[in-house]
Amino acid sequence: MNITRLPTPSPPSIPTHPDNYDVHRDEHTPLIIDNGSTTFRWGFATASAPQTAPNVIAKYKERKTNKPLLLFGEGVDLDSGAKAQARTPWEGDVLLNFDALENALDYAFVNLGVDTSTVDHPVLMTERLASPLHSRSLTSELLFELYSVPSLTYCVDGVMSFYENNKPAPQSPFAGDGLVISFNTASTSVIPVLDGKGIMSHAKRIPWGGSQASDYLLKLVQLKYSNFSTRVTAPQSNWMLHNFCEFATDYAAILRSLKDPLEMRAADRIVQFPYVLPIYEEKTEEELTRIAEKRKEQGKKLQELAARTRMEKLVQKENDLRDLLELRESRNERSKRDWIIKLQEEGFDDESGLDETIKKLESDLKKARKKEAEGEDNMLDEEGLKEKKKQKLMKAGFEARARAKREKEREKAEKEREEKEEEEEREMDLDGWSKKMRQEQQTLIDKIKDRARRKAALGDRKSAAAQARMKSIANLANDDRLPKTKRKGGGEDMFGADDADWAIYRKINTTAPSSDEEEDLNQLAIVESKLLSYDPTFSQTETHASITSQRSALISAFRPIYDEGNIEGNARIHLNVERWKVCEGWFSPSIAGVDSAGLGEVAQNVLSRFSDSDKRRLVNASAPPASASINILLTGAPAKLHGLVPRIHSTLRPNLPTEMQIGIVQAKDPMLDAWKGMARFALTEEFAKVGVTRQEYEEQGGERVRKWWGGNWNGGSIL
């Protein structure tokens, strides 16, 4: 079996000391900030790699000192209370929580060693494709008003990753052509680039990203393992997504192949979750013998105590009965008035009450003496009990054999008559008989399926079957056919006299085996054996057992069931269909309930807006100028998932001319190339021309940006 153990979470890394700021003091070195939904990356443009941390903050009170704390990044995982209070600057794909962004920027500037009252460095910062003007305005206000940066430039991360992977020659303008498919946390963008300029008016975005895929996998696992022994968390689901899931070139063909149980097992990937083996105390033979003897002695003492208690109650009832009988015999010796007074003194309203009490005492004494006689069996030794039980069994066995013999003779005669009639019918019309038998087989199979579906539905307390069962139980609890006073007075409970009572009992008693089910299975076996014997068109593969075994093998491969005592096996998650189904969400979001076009459809829609010559430049790596183009670029963390390049190729190929070649490349570093491209661009002379200065911010507002090849183009542009 292909088993992978769930990795143990590593402890948060120890924060490093702030960098030495003297190198950049008064140098106006550009600051590069990649404000990602999952990871926050920052650093000076001259650095070879950025500093990174999870883009999450938490405000909470420390339990011991009751002091308020503010945690950022990995520090949030140190305390469960902090995890519960965790927040990110992003809500889906929109930047909304600016207090969290402020905390993230504070952390970044402190770690960079900035020790001045203002941040005297031009800033290059990412924003989402088609970012709302409100989000941009508040971000600009934060950087200009709080940190007093001299200039601010916004860019789209996907375009900057394309820039890094299409490095222009030194002192040469960027002139690359291609199609950028950027996989983000909460969305996926398709951005065409011509002559080194992002055509944002033709760019498209779908609301499906890494977080949606991870959540979808988590829901599939929770649905598949509803009673899993361990809680599966979102980080664990994200780990399974990036380690086991992949794109299918032909998803429908994958599903067809997985109908074979052997293929399903071959595609299975097993994740072993942590488990704890129970500790059992093994007892020696002497200890077990001593415990058994102790229990036997305790049972004997309890029996003696119960017998003594019964005897005391029996003596008390006999005395009470004797006194009451003497009272009734004294009736003739008293006058009517004295007799009524005497009855009232003894607690009776009239003479009928006395008679009823005497009758009840006589009945109780009769039952008690009978129970006492049965209790004498406890006084017998083991041999005596065996002998008495043997005599009872012999008598019951003799009577049962006689009844069974008579019943068997009657059934045999009835069966011979039915077989003779069926044989005559089969000889007269074989086709009609075969059709009748097949209909009977299908009817029995449908009954068995309905019973199995109902049994499964009763496991869900919200299902209609479970609610109907509870209603039946409630109706029985409120049954008013016999008043409580009547039951107290010895009235007869008539439940069970009607067959409908037993139908309700079978309906609510789900754990009891159904005799109807056994009868249907036996009848089905008889019908199928007749069809196999007399109908040449009926084969073994059409029997219920064959169909069920095939289905059971597939279900067992999809979700193997371990024995109840197998702790290790019950702590495993089997991923098979989910490995391709989750990634299919990028191309068919509707399978996860998202009303959106898929990535393939969006990419085709973007390409359809261009002429054939421009379309060739976007997708064909050999189109001139070949030296400045790598064409379709896949960037972002999900771009690392296996099978994405052939899936994009198979999706675009049918919609492009056959002579048009398609070049698809994964970014060299899908997670860091955007930051590296931003750092590379910030060191060029062009960077100083595309930023918004503080004076322009004060004059035109925070939503305004300068129109350039790597940023958003919208109504908030400075021409």
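Residues numbered from 1 in each chain as written. Predicted model: local features only at pLDDT ≥ 70, side-chain atom pairs only at ≥ 80, totals over all residues. Heavy atoms only, no water.

Colleague: Got a minute to help me understand the overall build of the chain in this structure?
Modeller: Regarding its fold elements, the chain presents 25 helices and 22 strands. Taking all 719 residues of the chain together, 38% fall into the buried category. Counted over contacts in the chain with a minimum sequence separation of 6, partners at least 24 positions apart contribute 67%. Total accessible area on the chain is roughly 43,100 Å²; 51% of this is exposed by carbon and sulfur atoms. (Helix = DSSP H or I, 4+ residues; strand = E, 2+ residues; numbered from the N terminus. Buried < 20%, exposed > 50% of the residue type's maximum accessible area, 1.4 Å probe, protein only. Contact = heavy atoms within 4.5 Å. Areas by Shrake-Rupley, 256 points an atom, 1.4 Å probe, with all protein chains shown as cover.)

Colleague: Is there a simple way to explain the nonpolar core in this structure?
Modeller: Nonpolar side chains tend to gather and get buried jointly when the protein is soluble and globular. Counting 50 residues, the largest nonpolar core has Ile 632, Leu 634 and Ile 648 as its most contacted members. Per-element tally for this core: the top contributor is helix α5 (residues 210-224), with 6 residues. Core analysis: the next-biggest nonpolar cluster, separate from the first, contains 33 residues, Phe 44, Val 114, Met 125 and Val 705 among them. (Core = buried A, V, L, I, M, F, W, Y, C linked by side-chain atoms within 4.5 Å.)

Colleague: Where do I start with the pairing of strand β6 (residues 68-72) in this structure?
Modeller: Within a regular beta strand, the side chains point alternately toward one face of the sheet and then the other, so they alternate between its two faces. Relative to β6, strand β5 (residues 57-61) is paired through 5 bridges, and the arrangement is antiparallel. Considered in β6, the bridge of Lys 59 is made with Leu 70. Here β5 folds back onto β6, and the loop between the two strands holds 6 residues, one of which, Asn 66, carries a positive phi near 60 degrees. (Pairing = 2+ DSSP bridges.)

Colleague: I tried to follow the packing of aromatic side chains on my own but got confused; where do I start?
Modeller: Two aromatic rings are characterised by how far apart their centres lie and by the angle between their planes. All told, the structure shown has 23 aromatic pairs when counted by the stated rule. When the ring of Trp 42 is compared with that of Tyr 107, the centres are 5.9 Å apart and the planes differ by 85 degrees; the resulting orientation is edge-to-face. Highlighted residues: Trp 42 in strand β3 (residues 39-44) and Tyr 107 in helix α2 (residues 98-111), separated in sequence by 65 residues. Here Trp 708 and Trp 709 contribute two aromatic rings whose centre-to-centre distance is 5.1 Å and whose plane-to-plane angle is 70 degrees, an arrangement assigned as edge-to-face. The burial state of Trp 708 is the same as that of Trp 709; both residues are buried. Taken together, Phe 162, Tyr 163, Phe 174, Phe 681, Phe 687, Trp 708 and Trp 709 form an aromatic cluster joined through their ring pairs. Across from the ring centre of Phe 558, 4.0 Å away, lies the NZ or CZ of Lys 224, which sits over that ring. (Phe/Tyr/Trp six-rings, centres within 6.5 Å; stacked < 30°, edge-to-face > 60°. Lys NZ or Arg CZ within 6 Å of the ring centre and 35° of its normal.)

Colleague: What should I look at first to understand a negative patch on the surface in this one?
Modeller: A contiguous patch of negative charge, built from Glu 416, Glu 418, Glu 419, Glu 423, Glu 424 and Glu 427, is present on the exposed surface. The topology assignment puts Glu 424 in helix α12 (residues 382-428). On the basis of relative accessible area, Glu 424 is assigned to the partly exposed category, the value being 42%. (Patch = residues over 30% accessible without salt bridge, like charges linked within 9 Å, V, L, I, M, F, W, Y side chains within 5 Å. Salt bridge = Lys/Arg side-chain N within 4 Å of Asp/Glu carboxyl O. Lys, Arg positive; Asp, Glu negative; His and termini not counted. Charge placed at Lys NZ, Arg CZ, Asp CG, Glu CD.)

Colleague: What exactly am I supposed to notice about the sheet that holds strand β2 (residues 31-35) here?
Modeller: Each strand in a sheet pairs with another by means of backbone hydrogen bonds, the pair being arranged parallel or else antiparallel. Read from one edge of the open sheet, 6 strands run β4-β3-β2-β10-β11-β20, paired in mixed fashion. Of all the strands in the sheet, the pair left with one neighbour each is β4 (51-54) and β20 (692-693). The pairing of β2 with β3 spans 5 bridges and is antiparallel. If you follow Leu 31 over to β3, its bridge partner there is Phe 44. Across the face of the sheet, helix α4 (residues 157-165) comes into contact with β10 (123-127) and β11 (151-156) while running at roughly 85 degrees to β11. Those strands touched by helix α23 (residues 673-682) are β2, β3, β10 and β11, and its axis lies near 155 degrees from that of β2. (Axes fitted to C-alpha atoms, helices over the stretch in contact; angles between N-to-C directions.)

Colleague: Teacher, can you tell me more about the pairing of β10 here?
Modeller: For β10, a buried count of 5 out of 5 residues is recorded, marking the element as mostly surrounded by other parts of the structure. By the alternation rule, side chains of β10 split into Val 123, Met 125 and Glu 127 and Leu 124 and Thr 126, which are all buried. Two elements, β2 and β10, share 3 bridges in a ladder whose sense is parallel. Looking at β10, one finds that Ile 32 is bridged to Leu 124. Where β10 lies against β11, 5 bridges are found, and the strand directions are parallel. Looking across to β11, one finds that Glu 127 is bridged to Val 156. Crossover connection from β10 via helix α3 (residues 133-146) to parallel β11: handedness right-handed. (Right-handed = clockwise from strand over helix to strand, strands pointing away.)

Colleague: Hey, could you run me through the packing of helix α20 (residues 599-607) against helix α22 (residues 644-652) in this one?
Modeller: Angle between the axes and distance between the axes: these two values describe a pair of packed helices. Where α20 meets α22, the axes come as close as 10 Å, and the angle between the chain directions of the two elements is 55 degrees. Between α20 and α22, the crossing angle belongs to the class labelled oblique. The chirality of how α20 crosses α22 is right-handed. Counting all contacts with α20, which are made through Leu 599, Gly 600, Ala 603, Gln 604 and Leu 607, the residues of α22 involved are Ile 648, Thr 651 and Leu 652. (Parallel < 35°, antiparallel > 145°, perpendicular 65-115°, else oblique. Left-handed = near helix turned anticlockwise from the far one by under 90°.)

Colleague: Looking at this structure, how should I read the pattern of salt bridges?
Modeller: Pairing between side chains becomes possible if they bear opposite charge and their charged atoms approach one another. Per the stated rule, a full pass over the model turns up 35 salt bridges. Lys 676 serves as the salt-bridge partner of Asp 669, at 3.9 Å between the closest nitrogen and oxygen. A relative accessible area of 27% places Lys 676 in the partly exposed class. Within the structure, one salt-bridge network assembled from shared partners comprises Asp 177, Asp 195, Asp 614 and Arg 617.

Colleague: Even after reading the chapter, I still don't get the environment of Arg 231, so can you show me in this structure?
Modeller: Position of Arg 231 among the secondary structure elements: in the loop between α5 and α6 (234-244). In this structure, the C-alpha to C-alpha distance between Arg 231 and Phe 273, residues 42 residues apart in sequence, is 9.8 Å.

Colleague: What's the story with helix α21 (residues 612-619) in this structure? I'm lost.
Modeller: Every α-helical turn comprises 3.6 residues, leaving residues that sit three or four positions apart pointing alike. By the burial criterion, the buried members of α21 are Lys 615, Leu 618 and Val 619. Projected down its long axis, α21 shows its buried positions confined to an angular sector of 80 degrees, all on one face. Check the buried side of α21 and you find it contacts β12 (178-183), β13 (188-194), α20 and β18 (632-635). (Arc of directions from axis to C-beta.)

Colleague: Would you take a moment to explain the sheet that holds strand β16 (residues 269-272) for this structure?
Modeller: Strands sit in the order β1-β16-β17 across an open sheet of 3 strands; the sheet is mixed. Edge positions in the sheet fall to β1 (3-5) and β17 (572-575), since each has one partner strand and no second. With direction set aside, neighbouring strand axes in the sheet form an average angle of 25 degrees. One ladder, built from 3 bridges, connects β1 with β16; its direction is parallel. Counterpart to Ile 3 in the pairing with β16 is Ile 270. Here α6 sits on the sheet and contacts β1, β16 and β17; the angle it forms with β16, its principal contact strand, is near 150 degrees.

Colleague: Explain the confidence of the model for the chain to me, please; I cannot follow it from the model alone.
Modeller: Of the residues in the chain, 88% reach a pLDDT of 70 or more, and the chain-wide mean stands at 85. Here residues 484-491 is a poorly scored stretch, pLDDT under 50, and it has 3 contacts once near neighbours within four places are set aside; other chains count. The low-confidence segment residues 623-628, where pLDDT is below 50, has 9 contacts with residues more than four positions distant or belonging to other chains. (pLDDT = per-residue confidence, 0-100.)

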